[in-house]
Amino acid sequence: MINSDTRIAVVIVTRNRIASLLNTLNQLCSLPEQPQVIVIDNSSSDSTIDNVRSYYPQVKAISLSENLGPAGRNIGVYHTECPYVAFSDDDSWWAPGSLARATDLFDRYPRLALIAAKIFVGQEQKLDPTCKEMAMGKLPVFPDTPGFPILGFLACGSIIRRSAYLAVGGYEKRFGIGGEESMLAMDLATKGWRLAYVENITAYHFPSPVRNYGNRRRCEVRNILITAWLRRPLDIALSKTISFLKPALRDPYIRAGLLDALTKIVWLLQSRKPVPKHVEMALRILEE
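Note that residues are indexed from 1 along each chain, following the sequence as it is written. Local features in a predicted model are, by the rule used here, given only for residues with pLDDT of at least 70; side-chain atom pairs are given and counted only at 80 or more, and totals for whole chains, interfaces and linings are based on all residues. Derived side-chain values reflect all non-hydrogen atoms in the structure, with water molecules and hydrogen atoms excluded from consideration.

Further remarks concern the environment of Ile119. Secondary structure counts use DSSP, requiring at least four H or I residues in a row for a helix and at least two E residues in a row for a strand, with both numbered from the N terminus. As for its position among the elements, Ile119 is in strand β6 (residues 112-121). Exposure categories follow from relative accessible area, calculated using a 1.4 Å probe and restricted to protein chains: below 20% of the type maximum is buried, above 50% is exposed, and the middle band is partly exposed. With relative accessibility at 2%, the residue Ile119 sits in the buried group. In this structure the C-alpha to C-alpha distance between Ile119 and Arg222, which are 103 residues apart in sequence, comes to 25 Å. Contacts are residue-level and defined by heavy atoms, with any inter-residue pair within 4.5 Å sufficient. In this view, Ile119 contacts Lys126, Leu127, Asp128, Cys131, Leu154, Cys156, Gly157, Ala203 and His205; residues no more than four positions away in its chain are not counted.

The structure is reproduced here in structure tokens:
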């Protein structure tokens with residue numbers, strides 16, 4: 001009998017992609033760690049919850065009455081008592097043994113809040129370009145942090161310390177899927193937590209063919225601007241906004257994302273909490 005590793009859970013947010021989700025659940029439920037798996041359904045219309053409960057009764061399936069986007073992950077984190085939580089998309093999963101290695105690192109490094117995994121994409125198993133950037137090691141190495149220090153990550157290949165995640169409030173509910181990770185990384189670093197890219201922890205991503213690229217681009221632009229206005233100096237926020245003006249003239253999705261952010265300007269100005277100088281300096285190093 002395989003014993004479950006009670007230190008870690010896997011949380012998935014999904015919406016109307018049941019075929020990809022069932023394949024992901026098959027992979028996750030076959031892991032030697034046997035983690036708790038929680039599915040958060042962002043108000044699907046394709047009987048997602050019924051299918052999950054029918055085929056994988058061991059999985060905790062939670063149906064939401066509205067689409068919370070990436071903030072649906074917050075619900076999953078609330079619904080587990082495991083000290084560590086791995087995130088998967090409905091088209092990504094973890095390599096056998098990776099979750100166990102991650103939990104051991106969290107146990108060993110008490111200031112470590114987030115681990116970003118090496119992500120291989122598609123049948124070709126190509127390394128995700130973001131992982132190549134994280135492995136460049138631009139930031140100073142800390143003795144209390146494994147791997148490469150980072151200030152950004154991909155949600156589908158990330159594992160977090162639950163207490164740190166909850167302390168900073170998780171994902172902002174106004175974000176859509178696409179670049180929503182940046183502000184969470186900044187908030188964790190602001191509180192003194194470490195974030196690390198660890199190459200011997202692996203996730204696989206097989207992008208679902210069911211996706212709206214235009215809407216995702218719109219969300220990416222909106223999220224970039226929301227993050228800049230909430231957490232960066234005003235000159236940086238203004239510069240990033242201006243950089244989208246010209247492309248917005250010819251791209252309707254960039255234009256829509258820009259307008260989404262501008263309609264929230266009152267809230268953004270009232271809610272600004274710029275990161276401390278040492279975090280801003282690290283961000284500028286990475287942006288060079």
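Having seen it, we continue.
Quick look at the side chain of Thr14 now. With respect to the element layout, Thr14 can be found in strand β1 (residues 8-14). You can call Thr14 buried: its relative accessible area is 2%. Contacts described as polar in this section are N or O atom pairs within 3.5 Å, which, within protein, must combine one atom able to donate a hydrogen with one able to accept it, while residues neighboring in sequence count only if both atoms come from side chains. A polar atom in the side chain of Thr14 sits 2.7 Å from the side chain of Asp90. Setting aside anything within four residues of it in sequence, one finds Thr14 in contact with Leu21, Val39, Ile40, Asp41, Asn42, Ser44, Thr48 and Asp90.

Let us now look at the packing of aromatic side chains. Centre distance within 6.5 Å is the pairing criterion for rings of Phe, Tyr and Trp, where only the six-membered ring of Trp is used; planes under 30 degrees apart are then read as stacked, over 60 as edge-to-face, and the remainder as tilted. Across all of its chains, the model carries seven aromatic pairs by this definition. Arranged with centres 5.7 Å apart and planes meeting at 50 degrees, the rings of Phe87 and Tyr165 form a pair that is tilted. On the criterion of sequence distance, the pair formed by Phe87 in strand β4 (residues 84-88) and Tyr165 in helix α6 (residues 162-167) is long-range, its members being 78 residues apart. Accessibility assignment for this pair places Phe87 and Tyr165 in one class, buried. Ring geometry for Trp93 against Phe206: centres 5.1 Å apart, planes inclined by 10 degrees, an arrangement best described as stacked. In this pair, Trp93 is assigned in strand β5 (residues 92-94) and Phe206 in the loop between β10 (194-205) and α8 (213-231), connecting sequence segments 113 residues apart.

With that settled, consider unusual backbone geometry. The backbone phi angle of Asn16 is positive, close to 55 degrees, even though this residue is not glycine. With respect to the element layout, Asn16 can be found in the loop between β1 and α1 (18-28). Classification of Asn16 by relative accessible area gives partly exposed; the value is 26%.

Once that is clear, we can look at the pairing of β4. For β4, the tally of buried residues reaches five of five residues, placing the bulk of the element in the interior. A two-sided burial pattern is seen for β4, the buried positions comprising Tyr84, Ala86 and Ser88 on one face and Val85 and Phe87 on the other. Here five bridges tie β1 to β4, and the two strands are oriented parallel to one another. Residue Ala9 lies in a different strand from β4, and its bridge partner there is Val85. Two strands qualify as a pair provided DSSP detects at least 2 bridges between them. Of the pairings in the sheet, the one linking β4 to strand β9 (residues 158-161) comprises four bridges and is antiparallel in character. The residue of β9 that forms the bridge with Val85 is Ile160.

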